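Analysis of the macromolecular model
Here is what each chain is made of, one letter per residue.
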Amino acid sequence: MNKIKHEIQIIAQNKKAYHEYLIEDKVEAGIVLKGSEVKSLRFSKASINESYANNIDNEIFILGANIPEYNKAKSFKHNPKRQRKLLLHKKEINKLVGLIKRKGYTLIPLTLYFNKKNIAKISLGLAKGKKKHDKREAIKQRDWERDKARIFKNN
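Structure report, in brief. Predicted model, so just to flag it, every value in this text is computed and none were measured. (Residues numbered from 1 in each chain as written. Predicted model: local features only at pLDDT ≥ 70, side-chain atom pairs only at ≥ 80, totals over all residues. Heavy atoms only, no water.)

Digging into the pattern of salt bridges
- For the structure on display, the rule yields seven salt bridges.
- Among the salt bridges present, the one from Asp 25 reaches Lys 95, with a minimum N-O distance of 3.6 Å. Residue Asp 25 is found in strand β2 (residues 21-31), and its partner Lys 95 is found in helix α3 (residues 90-103); the two are separated by 70 residues along the sequence.
- On the accessibility criterion, Asp 25 (30% relative accessible area) is partly exposed. (Salt bridge = Lys/Arg side-chain N within 4 Å of Asp/Glu carboxyl O. Helix = DSSP H or I, 4+ residues; strand = E, 2+ residues; numbered from the N terminus. Buried < 20%, exposed > 50% of the residue type's maximum accessible area, 1.4 Å probe, protein only.)

This is the structure in structure tokens:
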């Protein structure tokens, strides 16, 4: 019997988040979706660049994520920008809500993907906003690492 190893299938990434924010911790969460949304995700049609997660009635929701309608779903249409509930344990929710309220953190979606069991998951980053000088410093450091690797490669 052949066993097929499934890799994670990345649907959408928020590459800008690493530039705009200092990511201090990562949390993986399930996401509540409708059938037509899952079909749309199978074709890698989603955007999480403008989205964020927030606490509503002691539950974490993702707001602003764009999952476009699946064309062939006639009667099961969904709102592409609707808020979607994230599935987290109560302890995780309480910890995240406490950090968001007290210390000024933000929950930013980093990656939307299907895991090895083909379940839609989202990776959230517990983040603090970077100042302009921090962003410049990060760019300088990245350029220096690239130049250093190039120099050592040629020698």
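Quick word on helix α2 (residues 35-42)
- Listed in full, the buried residues belonging to α2 are Ser 36, Glu 37, Ser 40 and Leu 41. Taken around the axis of α2, the buried residues stretch over an arc of 140°, which confines them to a single face.
- In this fold, the buried residues of α2 make contact with β1 (9-13), β5 (84-87), β6 (106-114) and β7 (120-129).
- One or two positions beyond α2, positive phi appears at Ser 44, with a value near 55°. (Arc of directions from axis to C-beta. Contact = heavy atoms within 4.5 Å.)

Details of the packing of aromatic side chains
- Evaluated as defined, the whole model comprises zero aromatic pairs.
- Positioned over the ring face of Phe 114 is Arg 42, at 4.1 Å from the centre of the ring.
- Against the face of Tyr 105 rests Lys 128, its NZ or CZ located 5.1 Å from the ring centre. (Phe/Tyr/Trp six-rings, centres within 6.5 Å; stacked < 30°, edge-to-face > 60°. Lys NZ or Arg CZ within 6 Å of the ring centre and 35° of its normal.)

Some remarks on α3
- Look at α3: 20 Å from first C-alpha to last across 14 residues, which is about the 20 Å you get at 1.5 Å a residue.
- Among the residues making up α3, those that are buried are Ile 93, Leu 96, Val 97, Gly 98 and Leu 99.
- Taken together, the buried residues of α3 touch β2, β3 (52-56), β4 (59-63), β6 and β7.
- Of the residues one or two after α3, Gly 104 is the one with positive phi, at around 75°. (Expected span 1.5 Å × (residues − 1).)

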